Amino acid sequence: MALKFPSDEWIKALSSQLNASEAYEKSAKDWEGDFIFIVEPDDAYANTDYLYLGLYHGKSPDAAMIDSEDAREAEFVLRAPYTNWRKVIEGEMDPIQGMMTRKLKVQGNMMKIMRYPKAAKEIVSCCALVPTDFGN
Amino acid sequence: MWYFVSPEIVFGEGALDALDELEGHRALIVTDAMLVELGLVAQVKSHLDKAGIETHIFDAVEPDPSVQTVRRGVEVAREYEPDWIVGLGGGSPMDAAKAIWVLYERPDLDPAEINPFITLGLRQKARLITIPTTSGTGAEVTWGIVLTDTEEQRKMGVGNRENVADMAIVDPCLTVGMPPALTADTGLDALTHAVEGYTCAWHTDMTDGLCISAIRLVFEFLPRAVADGSDIEARERMHNAATCAGLGFGNAMASMAHAMGHTLGAIFHIPHGRTVGIFLPYTIEFAACAAPDRYAELAESVGCHSDAGEGKTEVALALAKCIRDLCREINSPTSIAELGIYRTAFESALDKLVDDAFNDTSMVTACRGPSYDELRQLFLYAYEGRPVDF
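Residues numbered from 1 in each chain as written. Chains lettered and ligands numbered in written order. Predicted model: local features only at pLDDT ≥ 70, side-chain atom pairs only at ≥ 80, totals over all residues.

Caption draft 1: The arrangement of the overall build of chain A in detail. In terms of regular secondary structure, chain A is built from six helices and seven strands. Listed N to C, the secondary structure of chain A is β-α-α-β-β-β-β-α-α-β-α-α-β in terms of helices and strands. The C-alpha radius of gyration computed for chain A amounts to 14 Å, which stays within 12% of the reference 14 Å derived for 136 residues, consistent with globular compactness. A principal-axis box enclosing the C-alpha atoms of chain A has dimensions of 40 × 30 × 30 Å. Counting across all 136 residues of chain A, residues that qualify as buried make up 40%. Considering only contacts in chain A between residues 6 or more positions apart, those separated by 24 or more positions represent 68%. (Helix = DSSP H or I, 4+ residues; strand = E, 2+ residues; numbered from the N terminus. Rg over C-alpha atoms; globule rule 2.2 N^0.38 Å. Buried ≥ 20, exposed ≤ 12 C-beta atoms within 10 Å, placed from the backbone. Contact = placed C-beta atoms within 7 Å.)

Structure follows, in structure tokens:
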């Protein structure tokens, strides 16, 4: 069954996909740094939503939809309008290119992110494995 | 949405004369000691003299420039206060010049902090001119900077679109003295840029034509330039090829051969062009099934024909064979073993090679991304010189 994006079920399913991915495990084996993904409203979506994704040494120990940016501590915040998130999840927007063109805005230590581009790609690959319902 | 960035490019015989008309006060020439010895720095200086621009020379750039060298160059720039930085040489001096320029303008940054996701606000203190003396790196027109972290034995890719040069002077007369092996290595670097710029996931309509043009030029003129370094037509066309390829891949991306070449070069200290040139045919054989049309177009553009059939994949695979034939024609190795690396040394480094290549920035845009085990196999095949069959 397709899972609504954004939702608690969706981010937990992404976390499960990451935990099953050997490619992600290899590319992020030294990674320490949780993310909060902020889904911002645009023409296609009215709300602001917050998804927390715990990431540690090639695994995702925790994930949840949260109430606000401050509800959990995270080293990185990645924010974008809903439509851009959808493009990333559906493979239409490369996440690195998205960050370079400011379609996805990142807060956090960019030096650290620059060292793990393959991990970023694997997260998106795992997103594509989550059956997603965009509500239309 | 994407970008295409380029400096103003002055090219052809006598392009160095453009410096005569430059406006400014002080130029810091970032280069290496060999180019001082060869008299190429003096040539550039004499043109800047004509423009009434004072010069200071920082000639401490080593092959695969380190972060420490860049920091020393920044100190020199802060003392000298130039309004032009001139990167003169191969990729190493030009990349060092870019980094020195950025950190001269932005003393609050560390070299590793130069990234494409921020606004740098350059050109407050100085502007950048790049002058290549080899035909391959394309660094004169790209914004990427490769520095070496000597502690981790790892090449580090940094850069920002803003740090593309203001002017690139592409004068073939500066390349006439290149020895055949350096001509071959750098030419294969240009070829790899062109092939990977055309086939990577980030290629665009803006970059495709430049890559095709560069590939044709390399196949036609690299053997001539290696055979007779004084063949000025071959030198000029190879110099143009390198710049076209630089624009092509610099506005798209490199790919798997670069990821593998970076790691082999960093561990065994092999020239960059030689390593990427070795890996190029193996990565084509691996990736051809994922983008047969793209590789077949390249093969057809240089007249590579398949003996195995007329299908796109067969034609694509013929490109790998043509590249190996080109390597042999210019006396360039086609396997890691031919580099003189002992099997024991290679195998003891294999885990780090696979690990670093797997996580290299260039791997992200491969049209067929290898698994960890496939990448290990690719290294082993490239060591032995076995065409890839998986």
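Caption draft 2: Structural context of unusual backbone geometry. Residues Phe5(A) and Pro6(A) are joined by a peptide bond in cis, for which omega reads -10°. The phi torsion at His269(B) lies on the positive side, around 55°, for a residue other than glycine. Looking at the element boundaries, His269(B) is found in the loop between α8 (256–268) and α9 (272–287). Classification of His269(B) by C-beta neighbours within 10 Å gives exposed; the count is 10.

Caption draft 3: Quick peek at helix α11 (residues 312–329) of chain B. Residue and element names in this part refer to chain B. In a regular helix each residue adds 1.5 Å, so 18 residues correspond to 26 Å; α11 covers 26 Å between its end C-alpha atoms and thus fits that length. Along α11, the positions that sit buried rather than exposed are Lys312, Val315, Ala316, Leu317, Ala318, Leu319, Ala320, Ile323, Arg324, Leu326 and Cys327. Taken together, the buried residues of α11 touch α6 (205–227), α9 and α10 (292–301). Just downstream of α11, Asn331 is the residue with a positive phi angle, here 60°. (Expected span 1.5 Å × (residues − 1).)

Caption draft 4: Region of interest: the environment of Val164(B). Residue and element names in this part refer to chain B. Tracing the backbone shows Val164 in the loop between β7 (154–159) and β8 (167–170). For Val164, a count of 22 C-beta atoms within 10 Å translates into the label buried. Separated by 34 residues in sequence, Val164 and Thr130 have C-alpha atoms that sit 9.3 Å apart. Beyond its immediate sequence surroundings of up to four residues, Val164 is in contact with Val5, Ser6, Pro7 and Trp143.

Caption draft 5: Fine view of the nonpolar core. Residue and element names in this part refer to chain B. Formed by 163 residues in total, the largest nonpolar core has its most connected members in Val30, Val86, Ile100 and Ala214. Looking at this core, you find at least three residues from each of domain 1 (8–175) and domain 2 (180–384). Ignoring sequence-local partners within four residues, the contact set of Ala214 consists of Ala190, Ala194, Ala241, Cys244, Ala245 and Gly248. (Core = buried A, V, L, I, M, F, W, Y, C linked by C-beta atoms within 7 Å. Domains from an automatic or database assignment.)

Caption draft 6: Highlighting the domain arrangement of chain B. All names here are of chain B. By the assigned domains, chain B splits into domain 1 (8–175) and domain 2 (180–384). One C-alpha centre belongs to domain 1, the other to domain 2, and the line joining them spans 26 Å. Opposite the 26 residues of domain 1 that make contact, domain 2 presents 27 residues. Listing elements by their share of the side of domain 1 that touches domain 2, those giving two or more residues are β1 (8–11), β6 (144–149), β7 and β8. In terms of residues, the side of domain 1 that touches domain 2 owes the most to one element, β7, which gives three residues.

Caption draft 7: Structural context of the packing of α9(B) against α11(B). Residues and elements named next belong to chain B. Where α9 contacts α11, the two axes come as close as 8 Å, and the packing angle between them is 165°. By the angle between their axes, α9 is roughly antiparallel relative to α11. For the element pair α9 and α11, the recorded crossing hand is left-handed. Facing α9, whose interface residues are Gly277, Leu280, Pro281, Ile284 and Glu285, α11 presents Leu317, Leu319, Ala320, Ile323, Arg324 and Cys327. Within the contact of α9 with α11, the residues separate by chemical class into eight nonpolar, one polar and two charged. (Axes fitted to C-alpha atoms, helices over the stretch in contact; angles between N-to-C directions. Parallel < 35°, antiparallel > 145°, perpendicular 65-115°, else oblique. Left-handed = near helix turned anticlockwise from the far one by under 90°. Nonpolar A, V, L, I, M, F, W, Y, C, P; charged D, E, K, R; others polar.)

Caption draft 8: The environment of Val86(B), seen in detail. Residue and element names in this part refer to chain B. With respect to the helices and strands, the residue Val86 is situated in strand β4 (residues 84–89). In this structure, the C-alpha to C-alpha distance between Val86 and Val70, residues 16 residues apart in sequence, is 14 Å. Here Val86 is in contact with Ala27, Leu28, Ile29, Val30, Val44, Ile129 and Ile131, once residues within four sequence places are set aside.

Caption draft 9: Examining the interface of chain A and chain B more closely. With 16 residues of chain A in contact, the opposing surface of chain B contributes 16 residues. The set of elements that each furnish at least two residues to the side of chain A that touches chain B consists of α2 (22–27), α4 (95–100), α5 (110–114) and α6 (117–129) of chain A. It is α4(A) that provides the largest number of residues to the side of chain A that touches chain B, a total of four residues.

Caption draft 10: Quick look at the sheet that holds strand β6 (residues 105–107) of chain A. Residue and element names in this part refer to chain A. The strand order β4-β3-β2-β5-β6 describes an open sheet built from five strands, whose pairing is mixed. With one partner strand each, in any of the chains shown, β4 (63–66) and β6 form the two edges of the open sheet. On average, each strand axis in the sheet is inclined to that of its neighbour by 20°, with strand direction left out of account. Pairing between strand β2 (residues 35–40) and strand β3 (residues 49–53): five bridges, direction antiparallel. The partner of Phe37 across the bridge, within β3, is Leu51. Of the strands in this sheet, β2 and β5 (76–81) touch helix α3 (residues 82–89), which is tilted by about 105° from β5. (Pairing = 2+ DSSP bridges.)

Caption draft 11: The confidence of the model for chain A, seen in detail. For chain A, the mean per-residue pLDDT works out to 94, and 100% of the residues sit at or above 70. When the elements of chain A are averaged for pLDDT, α5(A) gives the smallest value, 83, and β4(A) the largest, 98. (pLDDT = per-residue confidence, 0-100.)

Caption draft 12: Molecular detail of the packing of helix α1 (residues 8–19) of chain A against α6(A). Residues and elements named next belong to chain A. Two numbers describe how α1 lies on α6: the axes approach to 9 Å, and their chain directions differ by 120°. In this view, α1 runs oblique relative to α6, as classed from their interaxial angle. Remark: the crossing between α1 and α6 carries right-handed chirality. Where α1 abuts α6, its residues Leu14, Gln17 and Leu18 lie against Ile123, Cys126, Cys127 and Leu129.

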